[in-house]
Amino acid sequence: MKKYLKAFICLILISVFSLSFISCNKKVTEDEAIKLVKEFLTESYELNEIYYGKGIDYEKNEDGVYDNIYSPVLKNQPYTTEAILRAKTEDVFSASLASSIIGYHFNLTQGIAGGANYPRYFTGSNGFLTVYRDYKVRDITEYDYSTIEIKKIKRKEIKATVVSTENEVVDVILVLERNGWRLDSVTA
């Protein structure tokens, strides 16, 4: 009888212990979700400018003549190495989206008709980033944060919409990864 009682108590303790882990990951409130969406949209703007917009400032020659199509970043920039830029990207975007963004902007990509797109950035022989000067710059979307509307809150996902300054409704998704919340939708 003692054997069954011990087994029953162990089963109850394991159940209580397991449930305590499940409840640690509680849903955020709507106010917390709005705050998170605003925070990540704000953080993503800088990275969108770096990857799709004006980019990182680089050294310019006075005469406009360069040895090649890349120029070294200015040393006073906040992102002078791939490791620093990668870390910031991974702090803002989900693991899969960050990997996709970094892969596209640091690797040669083949076009459909066989042409190649030069990587926007690559690490020079000195360990610092270099910038492809002829990158086709895009205007980066800005948002009216007062229009953030939460559509769905789950324990590991927040779905929201926000209106851009171009008056377009944009879907925003945040996911909870092991290192915290991350943006899992394109915001450029």
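Above this text is the structure in question.
Residues numbered from 1 in each chain as written. Predicted model: local features only at pLDDT ≥ 70, side-chain atom pairs only at ≥ 80, totals over all residues. Heavy atoms only, no water.

Asks: I would appreciate a short explanation of the pattern of salt bridges in the present structure.
Replies: If the charged atoms of two oppositely charged side chains come close together, the side chains can form a pair. Taken as a whole and judged by the stated rule, the model has three salt bridges. Glu 82 is the salt-bridge partner of Arg 86, the closest N and O atoms lying 2.8 Å from each other. Separated by four residues within a single helix, Arg 86 and Glu 82 lie in helix α3 (residues 82-92), roughly one turn from each other. According to the relative accessible area criterion, Arg 86 is partly exposed, its value standing at 32%. Residue Glu 82 is classed as partly exposed on the basis of its relative accessible area, which comes to 23%. Residue Glu 149 is joined to Lys 151 by a salt bridge in which the shortest nitrogen-to-oxygen separation is 2.9 Å. Taking the relative accessible area as the measure of exposure, Glu 149 reaches 41% and is therefore partly exposed. According to the relative accessible area criterion, Lys 151 is exposed, its value standing at 52%. (Salt bridge = Lys/Arg side-chain N within 4 Å of Asp/Glu carboxyl O. Helix = DSSP H or I, 4+ residues; strand = E, 2+ residues; numbered from the N terminus. Buried < 20%, exposed > 50% of the residue type's maximum accessible area, 1.4 Å probe, protein only.)

Asks: Where do I start with the environment of Lys 26 in this structure?
Replies: By the element assignment, Lys 26 lies in the loop between α1 (2-24) and α2 (30-51). Classification of Lys 26 as exposed rests on a relative accessible area of 58%.

Asks: Even after reading the chapter, I still don't get the nonpolar core, so can you show me in this structure?
Replies: Side chains of nonpolar character tend, in soluble globular proteins, to be buried together. Val 37, Tyr 51, Ile 56, Leu 85 and Ile 158 are the most contacted members of the largest nonpolar core, which totals 42 residues. Residue assignment for this core shows that the elements contributing at least two residues are α2, α3, α4 (95-106), β5 (129-132), β6 (143-153), β7 (157-164), β8 (169-177) and β9 (180-183). If one sorts the elements of this core by residue count, α2 sits on top with eight residues. Dropping the residues within four chain positions of it, Leu 85 is found in contact with Leu 47, Ile 50, Tyr 51, Ile 56, Tyr 79, Phe 106 and Leu 129. (Core = buried A, V, L, I, M, F, W, Y, C linked by side-chain atoms within 4.5 Å. Contact = heavy atoms within 4.5 Å.)

Asks: Quick question: what am I supposed to make of the sheet that holds β5 here?
Replies: Paired through their backbone hydrogen bonds, the strands of a sheet run either parallel or antiparallel. Taken in spatial order, the three strands line up as β1-β5-β4 in an open sheet, and their pairing is antiparallel. Whereas interior strands pair on both sides, the edge strands pair on one side only; in this sheet they are β1 (70-72) and β4 (121-123). Here the average twist between neighbouring strands, direction ignored, is 35°. Across three bridges, the pairing between β1 and β5 is antiparallel. Bridging from a neighbouring strand, Pro 72 pairs with Thr 130 of β5. (Pairing = 2+ DSSP bridges. Axes fitted to C-alpha atoms, helices over the stretch in contact; angles between N-to-C directions.)

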